[in-house]
Amino acid sequence: MTTPTIRIGSRGSQLALWQANHIAAQLRERGHAVEIEVIRTVGDRMQDPGFVAPATFPDGTSLDAKGIFIKEIEDALAVGKIDLAVHSLKDLPTTLDPRFTLAAIPVRADARDAFVCESYWGLHMLPSGARIGTTSPRRQAMLLALRPDLEFVEMRGNIDTRLRKWSEGQAEALVLASAGLDRIGRAENVHQRFSVDELTPAPGQGALALETRCPRHPLDTEDPSRDPAIYAAIRELNDSAAEYAVQAERTVLAVLGGGCQLPLGAFCHAVDDQWHLHAMVVSPDGEQVAHVVQKVPFGTPACELGSAVASELTARGALELLQVQPVA
């Protein structure tokens with residue numbers, strides 16, 4: 001099927017552009033014309049020295065941790081300025097605006113967290129009181145469960161910024177997503193990749209989310225077939241195993257609160273003829289852990305698996321550790 005030129009919206013960071021160009025190349029291989037438009041988000045501008053973040057977005061919506069990286073991109077998608085947004089899935093909220101849909105989840109990269117260090121070859125080799133650069137509550141809590149003596153240094157910004165701050169000596173080590181380091185070719189100082197039972201990845205980590213307008217509600221244009229055709233073209237990039245896994249993981253997150261600032265990990269993968277879903281909730285100080293591994297046969301609905309794991313975590317006291325209430 002011939003489609004109009006597919007306009008991809010992307011942030012301007014090295015990783016975001018790698019992701020956008022990666023998807024553009026796959027679409028071009030299938031005969032589609034593609035353009036990439038760089039969109040600067042509030043999250044990007046927050047990296048500028050002296051930038052003062054507004055209390056809300058211009059339309060009055062609240063400035064939340066996920067929205068700062070996607071709001072302007074989704075606004076461009078809504079009005080037809082772009083046709084496709086390429087996100088790191090873990091940046092997306094568990095509930096999308098009904099105007100949008102996840103048209104595809106491509107083949108997933110390594111979802112594990114990586115230990116970046118030059119002098120020490122593993123977390124266990126760090127000296128007492130070592131500083132680790134990470135702003136993630138999940139990583140901090142899970143690292144404390146392994147090493148209660150660790151200290152943390154807040155390092156914001158893209159991968160290159162964090163690697164630069166680390167190389168300047170602001171921390172002995174970093175913990176970053178393996179997928180991002182692999183994608184931009186910066187894994188030379190990765191000496192350890194944590195098992196999913198040590199640091200359970202964030203739901204959706206390592207996966208890309210290809211977001212389009214919902215084909216059931218296309219833009220009111222002279223060509224009502226445009227949005228359905230673009231959706232169909234993007235859908236060809238979907239990987240069913242990755243889609244199932246992230247649906248299960250995001251269900252756990254949605255049931256337990258839905259926020260990216262929760263010290264919660266969930267990772268689903270296929271083993272032989274079963275799905276294995278690992279999920280972990282850790283108290284902020286790392287002293288209490290609720291850990292579940294559930295195995296179900298192929299054919300079990302992803303939402304059913306995710307809900308069952310969330311219920312088991314709740315039974316083990318996860319809500320008390322998170323200090324949140326479940327979504328009604």
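Along each chain, residues carry numbers from 1 onward, in the same order as the chain's sequence is written. Whole-chain, interface and lining totals are the exception, using all residues; otherwise, since this is a predicted model, local features are given only for residues with pLDDT of at least 70 and side-chain atom pairs are given and counted only at 80 or more. Side-chain figures throughout are based on the complete set of non-hydrogen atoms in the structure, without hydrogens or water.

- For the protein chain, the name recorded in an unreviewed UniProt entry is Porphobilinogen deaminase, with Granulicella mallensis as its organism.
- Among the UniProt annotations of the protein chain, the heading Sequence similarities (unreviewed entry) holds the following wording: "Belongs to the HMBS family." UniProt positions are given in the numbering used here, feature names are shortened, and annotations may be inferred rather than shown by experiment.

Here we look at the overall build of the protein chain
Phase 1 of the analysis: Numbering of helices and strands runs from the N terminus, with a helix taken as a DSSP run of H or I at least four residues long and a strand as a DSSP run of E at least two residues long. When helices and strands are tallied, the protein chain shows ten helices and 13 strands.
Phase 2 of the analysis: Taking all 328 residues of the protein chain together, the buried fraction comes to 50%.
Phase 3 of the analysis: Contacts spanning at least 24 positions in sequence make up 68% of the contacts within the protein chain whose residues lie at least 6 apart. Whether a residue is buried, partly exposed or exposed follows from its accessible area with a 1.4 Å probe, protein chains only, as a fraction of its type maximum: under 20%, in between, or over 50%, in that order. The contact criterion used is simple: two residues touch if any of their non-hydrogen atoms lie within 4.5 Å.

Details of the sheet that holds strand E5 (residues 113-116)
Phase 1 of the analysis: DSSP bridges decide pairing: two strands pair if at least two such bridges lie between them. Strand order in the open sheet made by the five strands is E7-E6-E8-E5-E9, with mixed pairing throughout. Looking at which strands have only one partner, the edges of the open sheet turn out to be strand E7 (151-153) and strand E9 (190-193). On average, each strand axis in the sheet is inclined to that of its neighbour by 30°, with strand direction left out of account.
Phase 2 of the analysis: With four bridges joining them, E5 and strand E8 (residues 173-177) adopt antiparallel strand pairing. Bridge assignment links Asp113 to a residue of E8, and that residue is Ala177.
Phase 3 of the analysis: Lines fitted to C-alpha atoms define the axes here, with helix axes fitted over just the stretch in contact, and angles between the N-to-C directions of these axes take values from 0 to 180 degrees. Helix H4 (residues 137-146) contacts E5, strand E6 (131-133), E7 and E8 of the sheet and is inclined by roughly 125° relative to E8.
Phase 4 of the analysis: Contacts from helix H5 (residues 159-167) reach E5 and E8, with the element oriented near 165° to E8.

What to know about the pattern of salt bridges
Phase 1 of the analysis: The salt bridge definition used is simple: a Lys or Arg side-chain nitrogen within 4 Å of an Asp or Glu carboxyl oxygen. Counted under the stated rule, the structure contains 21 salt bridges.
Phase 2 of the analysis: Of the charged contacts in the structure, one is a salt bridge between Arg147 and Asp149, with a shortest N-O distance of 2.8 Å.
Phase 3 of the analysis: Assessed through its relative accessible area of 13%, Arg147 is described here as buried.
Phase 4 of the analysis: One salt bridge in this structure joins Asp182 and Arg193, with 2.9 Å as the shortest N-O distance. In this pair, Asp182 is assigned in helix H6 (residues 178-183) and Arg193 in strand E9, connecting sequence segments eleven residues apart.
Phase 5 of the analysis: According to the relative accessible area criterion, Asp182 is partly exposed, its value standing at 37%.
Phase 6 of the analysis: You can call Arg193 partly exposed: its relative accessible area is 27%.
Phase 7 of the analysis: Because the salt bridges share partners, they merge into one network encompassing Arg7, Asp83, Arg213, Arg226 and Asp227.

Observations regarding empty space enclosed by the protein
Phase 1 of the analysis: In this analysis the probe radius is 1.4 Å and the grid spacing 1 Å, with only protein atoms considered; a cavity is a set of points the probe fits into but cannot get out of, a pocket is an open set with protein on both sides within 12 Å along at least five of seven lines, and lining residues have an atom within 4 Å of a point. Grid points are joined across faces, edges and corners, and a volume is the space filled by probe spheres set on the points. This structure, assessed with the given rule, holds two cavities of 30 Å³ or more.
Phase 2 of the analysis: By volume, the largest cavity amounts to about 40 Å³.
Phase 3 of the analysis: Considering the residues around the largest cavity, the lining is formed by Ser13, Gln14, Leu15, Asn158, Ile159, Asp160 and Ile184.
Phase 4 of the analysis: Of all the elements in the fold, those that place two or more residues in the lining of the largest cavity are helix H1 (14-29) and H5.
Phase 5 of the analysis: Of the residues that constitute the lining of the largest cavity, the class distribution is three nonpolar, three polar and one charged.
Phase 6 of the analysis: What counts as a domain boundary in this text is fixed by an automatic or database domain assignment. For the lining of the largest cavity, the two domains that each supply at least three residues are domain 1 (6-106 + 207-239) and domain 2 (113-193). Each residue is assigned to one of three groups, with Ala, Val, Leu, Ile, Met, Phe, Trp, Tyr, Cys and Pro labelled nonpolar, Asp, Glu, Lys and Arg labelled charged, and all others, Gly among them, labelled polar.

A look at the packing of aromatic side chains
Phase 1 of the analysis: Stacked, tilted and edge-to-face are the three classes applied to pairs of Phe, Tyr and Trp rings, where Trp contributes its six-membered ring and a pair requires centres within 6.5 Å; stacked means planes under 30 degrees apart, edge-to-face means over 60, and tilted covers the rest. Tallying each qualifying case throughout the model produces three aromatic pairs.
Phase 2 of the analysis: Through a chain of ring-to-ring contacts, three or more aromatic side chains come together here, namely Tyr244, Trp275 and Phe298.

Here's the deal with the confidence of the model for the protein chain
Phase 1 of the analysis: As a per-residue measure, pLDDT tells how confident the predictor is, with possible values from 0 to 100. Looking at the protein chain, the pLDDT average stands at 89 and 88% of residues meet or exceed 70.
Phase 2 of the analysis: Confidence, expressed as mean pLDDT per element, reaches its minimum in the protein chain at helix H2 (residues 42-45) with 56 and its maximum at E5 with 98.
Phase 3 of the analysis: Low pLDDT, under 50, characterises residues 324-328; the predicted model gives this stretch eight contacts beyond four residues in sequence or across chains.

Here's the deal with H1
Owing to its 3.6 residues per turn, the α-helix aligns residues three or four sequence positions apart on the same side.
Phase 1 of the analysis: Every helix has an expected span of 1.5 Å times one less than the residues it contains. For H1, with 16 residues, the first-to-last C-alpha span of 22 Å sits near the 22 Å given by 1.5 Å per residue.
Phase 2 of the analysis: Residues of H1 that are buried: Leu15, Ala16, Gln19, Ala20, Ile23, Ala24, Gln26 and Leu27.

Details of the sheet that holds strand E13 (residues 289-297)
Within a beta sheet, neighbouring strands are joined by backbone hydrogen bonds and run either parallel or antiparallel to one another.
Phase 1 of the analysis: Judged by pairing direction, the sheet is antiparallel, and its three strands sit side by side in the order E11-E12-E13 without closing on themselves. If you trace the sheet from one side to the other, it starts and ends with strand E11 (264-271) and E13, each paired once. The mean inter-strand angle of the sheet, taken between neighbouring strand axes irrespective of direction, is 15°.
Phase 2 of the analysis: The sheet contact formed by E11 and strand E12 (residues 274-282) spans eight bridges and is antiparallel.

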